[in-house]
Amino acid sequence: MWLNPRIFPPPASTNNWAAKAVLGERVWLNRDKIPVPEHYHCVPSILSIVSTTGMVFVRSCHWIFSDLVRIFTGLTQESFEQTDA
């Protein structure tokens with residue numbers, strides 16, 4: 001929060017999705033001083049649930065895919081270890 005405004009200049013326009021996202025974050029973080037309408041309170045929770053569900057899905061697919069690659073190629077941890085003969 002301290003470093004970012006010092007590294008990057010202010011945007012030339014706030015008419016793009018990235019600037020609007022930053023402004024939305026600022027509004028949400030400032031909700032103790034200026035209240036946010038009640039119907040917007042559930043949006044961050046919904047987005048967090050969607051994001052968490054997506055990450056669980058991606059991680060599960062990664063585990064399954066990496067296991068399938070090991071099964072079909074015969075690569076195991078032991079194949080990477082050198083044995084003394």
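A short note on the overall build of the chain
Stage number 1. Across its full length, the chain carries 4 helices and 0 strands.
Stage number 2. When the helices and strands of the chain are listed from N to C terminus, the series reads α-α-α-α.
Stage number 3. Relative to its full complement of 85 residues, the chain shows a buried share of 4%.

A short note on helix α2 (residues 17-29)
Stage number 1. If you check α2, its first and last C-alpha atoms are 18 Å apart, about what 13 residues at 1.5 Å a residue would give, namely 18 Å.
Stage number 2. N-capping of α2 is provided by N16, with a side-chain oxygen placed 3.3 Å from the backbone N of A18.

A short note on the confidence of the model for the chain
Stage number 1. Model confidence for the chain is summarised by a mean pLDDT of 83, while 86% of its residues fall at 70 or above.
Stage number 2. Ranking the elements of the chain by mean pLDDT puts helix α4 (residues 77-80) last, at 60, and helix α3 (residues 42-73) first, at 88.

Description of α3
Stage number 1. End to end, α3 covers 46 Å across 32 residues, agreeing with the expected 46 Å (1.5 Å per residue, within 8%).
Stage number 2. Just past α3, the residue G74 takes up positive phi, approximately 80 degrees.

Focus: the environment of V36
Stage number 1. Looking at where V36 falls in the secondary structure, it is placed in the loop between α2 and α3.
Stage number 2. Each residue touching V36, except ones within four places of it in the same chain, is listed here: V27, W28, R31 and H41.

What to know about a nonpolar patch on the surface
Stage number 1. A grouping of W2, L3, I7 and F8 is seen on the molecular surface, where their side chains present a nonpolar patch of about 490 Å² in accessible area.
Stage number 2. Among the structural elements, L3 can be located in the segment before α1 (4-7).

Definitions and cut-offs
Residues numbered from 1 in each chain as written. Predicted model: local features only at pLDDT ≥ 70, side-chain atom pairs only at ≥ 80, totals over all residues. Heavy atoms only, no water. Helix = DSSP H or I, 4+ residues; strand = E, 2+ residues; numbered from the N terminus. Buried < 20%, exposed > 50% of the residue type's maximum accessible area, 1.4 Å probe, protein only. Expected span 1.5 Å × (residues − 1). Polar contact = N/O pair within 3.5 Å; in protein donor to acceptor, adjacent residues only side chain to side chain. pLDDT = per-residue confidence, 0-100. Contact = heavy atoms within 4.5 Å. Patch = residues over 30% accessible without salt bridge, like charges linked within 9 Å, V, L, I, M, F, W, Y side chains within 5 Å. Areas by Shrake-Rupley, 256 points an atom, 1.4 Å probe, with all protein chains shown as cover. Salt bridge = Lys/Arg side-chain N within 4 Å of Asp/Glu carboxyl O.

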